[in-house]
Number of protein chains: 2
Amino acid sequence: METLREIPLIVLGVGGVGRALLEQIVARREYHKRRYGLYLRIVALADSTGAAVVPEGLSDEELKQVVQTKAEGGRIADLPFGYYQNDVKNIVDLEATRETVVVDVTASMDTWEALMLARERKSALVLANKLPLTAPLSQAMALYEYPRLRYETTVGAGLPVIVTTKRLSASGEHIRRIIGVLSGTLGYLMTAVEDGVAFSKAVLKAKELGYTEPDPREDLSGRDVARKALILARTLGWKLEMEDVSVQSLYPEEWDTWPLEDVLAELIALDDDFFSWVDAARARREALRYVAHLEDGRVNVGIQFVPFDSPIGQLRGTDNMVEFHTEYYEPQPLVLAGRGAGVHATAAGVLSDIMEMALASHG
Amino acid sequence: METLREIPLIVLGVGGVGRALLEQIVARREYHKRRYGLYLRIVALADSTGAAVVPEGLSDEELKQVVQTKAEGGRIADLPFGYYQNDVKNIVDLEATRETVVVDVTASMDTWEALMLARERKSALVLANKLPLTAPLSQAMALYEYPRLRYETTVGAGLPVIVTTKRLSASGEHIRRIIGVLSGTLGYLMTAVEDGVAFSKAVLKAKELGYTEPDPREDLSGRDVARKALILARTLGWKLEMEDVSVQSLYPEEWDTWPLEDVLAELIALDDDFFSWVDAARARREALRYVAHLEDGRVNVGIQFVPFDSPIGQLRGTDNMVEFHTEYYEPQPLVLAGRGAGVHATAAGVLSDIMEMALASHG
């Protein structure tokens with residue numbers, strides 16, 4: 001009879017990805033037991049209202065209840081099990097050991113001290129949260145230098161972008177450039193304008209389809225792509241700050257202070273620019289793409305013309321794609337492509353990171 | 001002053017990949033030191049004639065000499081340094097510790113006992129050698145179950161095929177099917193026949209370009225693709241033997257016993273089949289591809305019609321490509337693409353595996 005090894009998990013964040021993660025952990029229990037002899041025991045769960053600590057582990061029934069309560073807008077503090085802490089750092093202090101995996105699926109810097117304490121305890125860290133990784137270098141290096149950190153889903157969700165970057169970087173082969181379409185929303189918009197749709201119409205349609213954030217400026221500013229590009233750059237060992245990333249916003253800066261409805265009404269003013277960019281690109285047999293471009297220690301995020309017959313030139317719709325042009329991958333790059341967002345794919349990627357850490361601690 | 005951590009390496013095999021690996025290790029010394037604080041100390045090197053053991057590590061000058069000697073057809077036994085062993089198992093016995101990485105870049109089962117001994121010593125294992133991984137399960141499971149094993153380059157060379165398969169498999173999401181073009185040679189041939197070239201002419205041209213093995217039957221039999229497919233299947237946890245892989249050879253079985261020149265002369269007899277396959281595929285708006293197809297616990301290797309507008313349908317030339325169709329990657333699959341062979345890309349992938357093991361032993 002094989003023994004079942006229990007891995008304690010502390011999960012920070014019970015939003016969309018956090019809930020999908022809890023659901024997947026429950027759904028895969030039998031598989032993880034049979035194939036890997038592992039049981040992921042969730043000993044603490046936190047949202048912004050506080051944390052529930054259940055040292056013996058939440059039962060599957062309790063986890064389902066958490067998911068339902070949170071999906072209905074409830075709070076961790078309302079749940080009838082475990083004991084409560086209003087400081088996430090405390091739950092790490094109470095529960096984290098070397099065996100523990102601390103999972104950050106928030107989108108906040110409020111977890112920082114908890115992460116640092118977990119690192120002191122030599123717990124494994126799994127982040128889907130980009131903010132700690134895009135903090136000033138003096139701070140963020142504490143994460144990048146920690147060997148028991150995984151953050152695969154911060155760039156391209158479940159696509160193996162980080163592990164590929166780490167592998168190419170570790171061998172030391174010369175990486176000439178990395179070009180990535182890292183926003184499904186902007187990918188959708190570029191395809192639409194290429195098909196002759198006015199930019200303003202494409203944005204409104206994307207908003208209607210739920211492809212954009214509630215405020216599309218979040219997407220159009222390029223800020224989220226810039227965060228991903230910075231994480232990639234730092235994974236290559238480049239010592240860059242957020243301010244070093246050159247970002248092209250798709251709307252004029254002064255719109256940042258406008259009410260959303262004014263922005264949506266004024267989008268039409270941008271249409272002609274896009275029409276002429278598409279024409280100019282086509283004349284050169286190139287396609288218009290919003291990309292992150294890493295080369296020679298510099299990171300540029302914005303619109304770029306790429307050859308029609310390159311992988312990114314052929315990409316259409318919301319999928320993400322990353323081309324790695326290196327010493328041994330030329331003229332054809334190494335290419336990764338597929339869905340780059342979504343709570344389920346992201347949660348599955350987080351779960352892969354957790355499993356990797358759990359299996360490594362055995363080795 | 002940071003301390004330099006030394007990782008002892010035992011390298012089995014000094015053929016094309018082995019030599020490229022030694023060259024890259026020397027070329028990346030400064031980079032590995034600066035970025036990772038690591039020094040890869042090569043304490044033993046073996047070819048089929050025996051092994052040189054140099055406990056203090058071969059100098060860069062000595063490594064260059066090895067590369068040159070081997071490239072000129074010389075033997076390890078002829079080298080003027082270290083002491084010699086004619087059994088590779090002995091060098092593991094003499095030198096392998098928990099810190100050691102044992103690298104198998106041969107294409108032989110002769111390393112088996114050395115690998116098993118290294119496993120007992122808890123050394124890390126890095127294999128570019130497919131044979132131990134495609135041995136009968138009763139034997140090969142000793143490798144697949146060992147957590148300190150990496151074998152990324154056995155499928156798709158430097159493409160992250162194994163790590164992606166492991167990640168998807170570990171999360172537990174349902175993997176509907178994996179379809180891969182895993183032979184650059186067969187990819188080249190399929191593109192050529194699709195372009196209207198007679199199959200026999202395409203094979204002779206590929207042979208002339210050095211895309212095929214000296215005896216093209218090695219490629220045309222599908223045996224090498226079948227080995228890669230079996231490694232993928234076993235990575236998914238499928239308990240399959242080589243005989244369970246259904247393989248379509250591109251030539252009649254009786255040719256196996258013919259002299260090569262007769263085979264090359266007779267290839268023309270296959271042309272009409274390919275012309276009609278291409279026509280049939282085109283009529284269905286599909287492309288002819290030689291793929292490994294994994295689905296529902298079964299592995300098929302052979303010619304398949306795939307939609308023109310699928311990633312593999314659009315693939316042309318010698319690049320490899322793998323489509324992962326899973327629960328969260330549909331309708332669009334997760335796709336990896338790029339060069340899937342070549343000594344430099346393979347050696348770089350082996351070096352990435354070595355670095356991963358070296359950095360993990362630190363954590």
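Residues numbered from 1 in each chain as written. Chains lettered and ligands numbered in written order. Predicted model: local features only at pLDDT ≥ 70, side-chain atom pairs only at ≥ 80, totals over all residues. Heavy atoms only, no water.

K.L.:
Is there a simple way to explain the sheet that holds strand S7 (residues 149-150) of chain A in this structure?
P.N.:
Paired through backbone hydrogen bonds, the strands of a sheet run either parallel or antiparallel to each other. Residues and elements named next belong to chain A. If you trace the seven strands from one edge of the open sheet to the other, you get S4-S3-S2-S1-S5-S6-S7, paired in mixed fashion. Because the sheet does not close on itself, it has two edges, and the strands there are strand S4 (83-85) and S7. As defined by bridge partners, strand S5 (residues 101-104) adjoins strand S6 (residues 124-127) across four bridges and the pair is classed as parallel. What sits directly across from Asp104, in S6, is Leu127. (Pairing = 2+ DSSP bridges. Helix = DSSP H or I, 4+ residues; strand = E, 2+ residues; numbered from the N terminus.)

K.L.:
I tried to follow the relation of the copies chain A and chain B on my own but got confused; where do I start?
P.N.:
Both copies of the chain are related by a screw-like operation: a rotation about an axis and a shift along it. Note on the copies: chain A fits chain B at an RMSD of 0.0 Å, the axial shift is 0.0 Å, and the rotation between them is 180°. Such a combination of rotation and displacement between the chain copies is what one expects of a two-fold axis. Ranked by how close their C-alpha atoms come to the rotation axis, the residues of chain A are headed by Leu336(A), at 2.4 Å. Interface overlap between copies is the fraction of interface residues in one copy that are interface residues in the other; for chain A against chain B it reaches 98%, indicating a shared surface. (Least-squares fit on C-alpha atoms with pLDDT ≥ 70 in both. Contact = heavy atoms within 4.5 Å.)

K.L.:
Can you help me understand unusual backbone geometry in this one?
P.N.:
Residues and elements named next belong to chain A. Of the consecutive residues Glu330 and Pro331, the connecting peptide bond is found in the cis state with omega at 0°. The phi dihedral of Lys122 is positive, around 65°, even though this residue is not glycine. By the secondary structure assignment, Lys122 is in the loop between helix H5 (112-120) and S6. We classify Lys122 as partly exposed; its relative accessible area is 46%. (Buried < 20%, exposed > 50% of the residue type's maximum accessible area, 1.4 Å probe, protein only.)

K.L.:
Help me understand the packing of aromatic side chains in this model?
P.N.:
How two aromatic rings sit relative to each other is given by the distance of their centres and the angle of their planes. The full count for this structure, using the stated rule, is 14 aromatic pairs over all chains. Centre to centre, the rings of Tyr31(A) and Tyr36(A) are 6.0 Å apart; their planes meet at 80°, and the pair counts as edge-to-face. Each of the two residues, Tyr31(A) as well as Tyr36(A), counts as buried. Measuring from centroid to centroid gives 5.3 Å for Trp255(B) and Trp258(B), while their planes differ by 25°, and the two rings are stacked. A residue is classified by how much of its surface remains accessible, and Trp255(B), at 4% relative accessible area, is buried. We classify Trp258(B) as partly exposed; its relative accessible area is 30%. An aromatic cluster is defined as three or more aromatic residues linked by ring pairs; in this entry it consists of Phe199(A), Phe274(A) and Trp277(A). Of note, Arg29(A) hangs over the ring of Tyr39(A), and the distance from its end group to the ring centre comes to 4.1 Å. (Phe/Tyr/Trp six-rings, centres within 6.5 Å; stacked < 30°, edge-to-face > 60°. Lys NZ or Arg CZ within 6 Å of the ring centre and 35° of its normal.)

K.L.:
Which parts of the structure should I look at to understand the pairing of strand S11 (residues 298-307) of chain B?
P.N.:
In regular strands, side chains alternate between the two faces of the sheet. Residue and element names in this part refer to chain B. Here strand S9 (residues 246-247) pairs with S11 via two bridges, running parallel. The residue of S11 that forms the bridge with Val247 is Val301. By the bridge criterion, ten bridges tie strand S10 (residues 286-295) to S11 in an arrangement that is antiparallel. Bridging from a neighbouring strand, Ala287 pairs with Val306 of S11. Adjacent in sequence and paired antiparallel, S10 and S11 are bridged by two residues, among which Asp296 carries a positive phi angle near 50°.

K.L.:
Looking at this model, I keep getting lost on helix H15 (residues 343-360) of chain B. Mind explaining?
P.N.:
Structural remark: α-helix, 3.6 residues per turn; residues separated by three or four positions point the same way. Helix length check: H15(B) (18 residues) gives 25 Å between terminal C-alpha atoms against 26 Å at 1.5 Å per residue, within 8%. The element H15(B) is extensively covered by neighbouring structure, given that 13 of its 18 residues are classed as buried. (Expected span 1.5 Å × (residues − 1).)

K.L.:
Even after reading the chapter, I still don't get helix H2 (residues 29-36) of chain B, so can you show me in this structure?
P.N.:
The set of residues buried in H2(B) consists of Arg29(B), Tyr31(B) and His32(B). Taken together, the buried residues of H2(B) touch helix H7 (161-171) of chain A together with helix H1 (16-27), strand S2 (38-47), helix H3 (60-71) and H15 of chain B. Note on H2(B): the residue one or two positions beyond its end, Gly37(B), has a positive phi of about 65°.

K.L.:
Explain the interface of chain A and chain B to me, please; I cannot follow it from the model alone.
P.N.:
Interface size is commonly expressed as the accessible surface area that is lost when the partners come together. In this assembly, 50 residues from chain A lie in contact with 49 residues from chain B. When the two sides are added together, the surface that chain A and chain B hide from each other amounts to roughly 3,600 Å², 47% of it contributed by carbon and sulfur. Taken together, the links from chain A to chain B amount to six salt bridges. Of the charged contacts in the structure, one is a salt bridge between Glu356(B) and Arg167(A), with a shortest N-O distance of 4.0 Å. In this assembly, chain A and chain B are joined by 38 residue pairs in polar contact (both at pLDDT 80 or more). Of all the secondary-structure elements, those providing two or more residues to the side of chain A that touches chain B are helix H2 (29-36), H7, helix H11 (223-235), strand S13 (334-338) and helix H15 (343-360) of chain A. (Buried area = accessible area lost by both parts, 1.4 Å probe. Salt bridge = Lys/Arg side-chain N within 4 Å of Asp/Glu carboxyl O. Polar contact = N/O pair within 3.5 Å; in protein donor to acceptor, adjacent residues only side chain to side chain.)

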